[in-house]
Amino acid sequence: MENKNKVQLIWGIVLILMGVSVFFRLPVVIEKMSDTVDLNSGLYFLHFSFYLIAVILIGGGVKKILNYWPFKR
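Please read all numbers here as calculations on a predicted model, not as lab measurements.

(A) Geometry of the overall build of the chain. Of the regular secondary structure elements, the chain holds two helices and zero strands. Burial status across the chain gives 14% buried among its 73 residues. Here the chain displays about 6000 Å² of accessible surface, and carbon together with sulfur accounts for 70% of that area.

Pasting the structure below:
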């Protein structure tokens, strides 16, 4: 059981790191995509979608890390 908890903690940290990396990488990727393909009409939806993915990744990682330590309620 202890080994599983450590794996979940590591997985939570990885999720947070991936969410943060999406935030920093997104402007470059969107700029490349908008140069190659005409996405002017769907550009705001594309921004929203990728930022939503990043928030979900970070939220899932935080939830896993908080579940690692048992808090008394």
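(B) Looking closely at the environment of Lys64. Here Lys64 is to be found in helix 2 (residues 43–68). Between the C-alpha atom of Lys64 and that of Ile16, which follows or precedes it by 48 residues, the distance is 9.9 Å. With residues up to four places along the chain from it excluded, the contact list for Lys64 reads Gln8, Trp11, Gly12 and Leu15.

(C) Here's a closer look at helix 2. The end-to-end C-alpha separation of helix 2 is 38 Å, in line with the 38 Å expected for 26 residues at 1.5 Å each. Taken as a whole, helix 2 has its buried residues at Leu46, Ala54, Gly61 and Ile65.

(D) Examining the environment of Val7 more closely. Structurally, Val7 is set in helix 1 (residues 2–36). Under the relative-accessibility criterion, Val7 is labelled partly exposed at 47%. In this structure the C-alpha to C-alpha distance between Val7 and Tyr68, which are 61 residues apart in sequence, comes to 9.8 Å.

Conventions adopted
- Residues numbered from 1 in each chain as written.
- Predicted model: local features only at pLDDT ≥ 70, side-chain atom pairs only at ≥ 80, totals over all residues.
- Heavy atoms only, no water.
- Helix = DSSP H or I, 4+ residues; strand = E, 2+ residues; numbered from the N terminus.
- Buried < 20%, exposed > 50% of the residue type's maximum accessible area, 1.4 Å probe, protein only.
- Areas by Shrake-Rupley, 256 points an atom, 1.4 Å probe, with all protein chains shown as cover.
- Contact = heavy atoms within 4.5 Å.
- Expected span 1.5 Å × (residues − 1).

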